[in-house]
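Understanding the architecture of this molecule
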Amino acid sequence: MLQTVSLLTLLCLPAFAAKFPPEKLLQMANSGDAQAQDKLGMWYDDNGNGKAAVQWYRKAAAQGYSGALHHMGVMLEGGAEASGVEPDCLASRDYYQKAIEKGISASTFRVGYQYYRGICVSQSYTQARDWFEKSETAMGLFYNGLMNEHGQGGPVNLASAERLYEQAFRGGVIRAANQLGHLYYDGSTRDAVKAYIWYLRGAKAADKQDRMRLVSLRRELSVDERRRAEREAKSP
């Protein structure tokens, strides 16, 4: 005998209960397609089901799919604990290494970040800086810039920090613009116009200090300087 389910019952179900992966993607993943398995893992990951994500990432990683190798590294590093996935630092590092061997720069960055924060390894700025220098990701450039600016893991090199921050910003890391703003605002050769330009570019990622400095610079600059800077801030 079929049971009916009331509308009220359906409305009371958790939001994720009504979410199902695309049928075509599920079919391809079940057929053994490694790319589809990785994408299905990402779907579950995005929808808060870490255990199911790991299940599908693991299937794709077993076939040597590079994206899944990286995703397994991230999940086992500890990023999915809220979903009930137990961290496994040794396995995480092994997956990252395999992904790096297949050219995944994001994994190179993650190893650097592990050393930077002391995740799964003893904190080492020297090792972190070395890995960030190897990474071709925008985030790798950004953190390498931080380390050059503050002399972490090597000497202070403000010229390199400036170059790295600008490259990171061009790669999509908005907060790199605010770091450039700091360099021009606080630097020995202070440049209020350049600081204003970069704080404007980084406005979407600004913290309280950034916003206060932007207000201060707006008062400091002449009308012509502000207008010129505002035009330049909008240029690519």
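Below or above, wherever it landed, is the structure these notes cover. Predicted model, so just to flag it, every value in this text is computed and none were measured.

Conventions we followed
Residues numbered from 1 in each chain as written. Predicted model: local features only at pLDDT ≥ 70, side-chain atom pairs only at ≥ 80, totals over all residues. Heavy atoms only, no water. Helix = DSSP H or I, 4+ residues; strand = E, 2+ residues; numbered from the N terminus. Buried < 20%, exposed > 50% of the residue type's maximum accessible area, 1.4 Å probe, protein only. 1 Å grid on protein atoms, 1.4 Å probe; cavity = no way out; pocket = protein on both sides within 12 Å on 5 of 7 lines; lining within 4 Å. Points joined across faces, edges and corners; volume = space filled by probe spheres on them. Nonpolar A, V, L, I, M, F, W, Y, C, P; charged D, E, K, R; others polar. Phe/Tyr/Trp six-rings, centres within 6.5 Å; stacked < 30°, edge-to-face > 60°. Lys NZ or Arg CZ within 6 Å of the ring centre and 35° of its normal.

1. Points about the environment of Gln209
- Take Gln209: it is sitting in helix α13 (residues 208–220).
- The exposure class of Gln209 is partly exposed, given its relative accessible area of 40%.
- Separated by 27 residues in the primary sequence, Gln209 and His182 have C-alpha atoms spaced 9.9 Å apart.

2. Section: the layout of surface pockets
- Quantified by volume, the largest pocket comes out at close to 180 Å³.
- In terms of lining, the largest pocket is formed by Leu158, Ala159, Glu162, Leu183, Tyr184, Gly187, Ser188 and Thr189.
- At the level of elements, α10 (158–170) and α11 (175–186) are the ones that each hand at least two residues to the lining of the largest pocket.
- Ranked by the residues each element gives to the lining of the largest pocket, the list is headed by α10, at three residues.
- Each residue belonging to the lining of the largest pocket can be placed in one class, and the counts come to four nonpolar, three polar and one charged.

3. A look at the packing of aromatic side chains
- Per the stated rule, a full pass over the model turns up 14 aromatic pairs.
- Relative to Tyr143, the ring of Tyr113 lies with its centre 5.5 Å away and its plane at 75 degrees, an arrangement referred to as edge-to-face. Here Tyr113, found in helix α7 (residues 105–117), pairs with Tyr143, found in helix α9 (residues 138–150); they are 30 residues apart in sequence, far enough to count as distant. Each member of the pair, Tyr113 together with Tyr143, is buried.
- Each residue in the set Phe109, Tyr113, Tyr116, Tyr125, Phe132, Phe142, Tyr143 and Tyr165 is aromatic and connected to the rest through ring pairs, giving one cluster.
- Seen from the ring of Trp131, Lys134 lies directly overhead, with NZ or CZ sitting 4.4 Å from the centre.
- Arg201 extends its terminal NZ or CZ atom over the ring of Trp198, reaching a point 4.6 Å from the ring centre.

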